[in-house]
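Secondary and tertiary structure notes
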Amino acid sequence: MGELIFAGLGLSGIDGMTVKALNALKECDVIFAEFYTSTLIGAETDELENVLGKKIKILGRSQVEESDVIIESAKRCRTGFVTAGDAMAATTHVDLLIQAAEENISVKVLHGVSIFSACSSSLGLQPYKFGRTVTLPFIESGYQPRSPYDNLVVNKKEGLHSMILLDIRADESRYMSAHQALEWLIEGENKWKCNLISDDTLICVASKIGSNDEKVFAGYPNDLLKKDLGEPLHTLVIPGKLHFMESYALVHLAGAPHSIIEEED
């Protein structure tokens, strides 16, 4: 009987994974990877292969979600499955975990640094005050789904912070930018008018979190649209009710207007 090892590579570089993950992957017979859920910043596949001393088989979405190539491999030998961030952050990967359990395959999960914790930390926001995370998809053929907007409205009404992930089309080398995301939100507000954002709504932008090029910004929509917000990968946060320490953090770490401190006083 083989083994299935899930390993998160962290957010940036080949040195972003834990030592435990590195050692476990070096012992694998086969290693699969997917980078459509998230992309590992600042690292190429061949660099990762050199560090692990193994070839890596890159899988597309259909190969992970619709085929049994990973499970069949894990029945025969020690098989690694790697992703950027944390390997269990996507429901697809949890499904693989369940399939392995149903086949009585031994499983090991080696967690990596995730955007869910790193983004809030870089902005100085308290992680337990976040509501439901949403993903903004590219608007295609004029279609803009309403569900992300509605979920953000629910978070706002409850005073919770909202983390907004942006669409990735790795196979097309398309990554939604922070500017595109801001325009998405403005267009959604113009359509559905539920007071999610206005000209004086504070929004945070995080660029390449976890990398040497990490940048964070906080400001109002029209001001952010005029700024150079760094290159993708981007994550947005719409803060909810701010603790005074969070307000100070956004001012001093992300350049938020000093008036947000006065508003909390």
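Here the structure is a predicted model, which is why all the values come from computation and not from measurement.

**Remarks on the sheet that holds strand β5 (residues 106–110)**
- Pairing within the open sheet is parallel, and its five strands lie in the order β3-β2-β4-β1-β5. The open sheet terminates on both sides in strands that have one partner only, identified here as β3 (56–58) and β5. Each adjacent strand pair in this sheet contributes to an overall mean axis angle of 20°, direction not counted.
- As defined by bridge partners, strand β2 (residues 30–33) adjoins strand β4 (residues 78–83) across four bridges and the pair is classed as parallel. Of the residues in β4, the one forming a bridge with Ile31 is Gly80.
- In the packing of helix α2 (residues 45–52) onto the sheet, contacts are made with β2 and β3, and the angle to β3 comes to roughly 150°.

**Description of helix α4 (residues 69–76)**
- Among the residues making up α4, those that are buried are Ile70, Ile71, Ser73 and Ala74. In a view along the axis of α4, the buried residues occupy a sector of 160°, so they form one face of it.
- Buried residues along α4 sit against β1 (3–8), β2, β4 and α5 (91–102).

**Structural notes on the packing of helix α7 (residues 147–157) against helix α8 (residues 178–192)**
- Where α7 meets α8, the axes come as close as 10 Å, and the angle between the chain directions of the two elements is 85°. By the angle between their axes, α7 is roughly perpendicular relative to α8. Side by side, α7 and α8 meet where Pro148, Tyr149 and Leu152 of the first sit next to Trp184, Leu185, Gly188, Glu189 and Trp192 of the second.
- Split by residue class, the contact of α7 with α8 holds six nonpolar, one polar and one charged.

**Section: the nonpolar core**
- Ranked by size, the top nonpolar core spans 24 residues in total, and within it Leu136, Ile164, Leu185, Leu196 and Leu236 carry the most contacts.
- Secondary structure elements with two or more residues in this core: β6 (134–136), α7, β7 (162–166), α8, β10 (203–207) and β12 (234–238).
- If one sorts the elements of this core by residue count, α8 sits on top with six residues.
- Listed in part, the 23 residues of the second largest apolar core include Leu11, Ala118, Val216 and Leu250.

**Regarding the pairing of β1**
- In terms of burial, β1 is a largely internal element, six of the six residues being buried.
- Alternating positions in β1 separate into two faces, Glu3, Ile5 and Ala7 on one and Leu4, Phe6 and Gly8 on the other, with burial throughout.
- Sheet analysis places β1 next to β4, joined by six bridges and oriented parallel. Bridge pairing links Glu3 to Arg78 in β4.
- Across five bridges, β1 lies against β5 in parallel orientation. From the neighbouring strand, Leu4 faces β5, where its bridge partner is Val107.

Scoring rules and cut-offs
Residues numbered from 1 in each chain as written. Predicted model: local features only at pLDDT ≥ 70, side-chain atom pairs only at ≥ 80, totals over all residues. Heavy atoms only, no water. Pairing = 2+ DSSP bridges. Helix = DSSP H or I, 4+ residues; strand = E, 2+ residues; numbered from the N terminus. Axes fitted to C-alpha atoms, helices over the stretch in contact; angles between N-to-C directions. Contact = heavy atoms within 4.5 Å. Buried < 20%, exposed > 50% of the residue type's maximum accessible area, 1.4 Å probe, protein only. Arc of directions from axis to C-beta. Parallel < 35°, antiparallel > 145°, perpendicular 65-115°, else oblique. Nonpolar A, V, L, I, M, F, W, Y, C, P; charged D, E, K, R; others polar. Core = buried A, V, L, I, M, F, W, Y, C linked by side-chain atoms within 4.5 Å.

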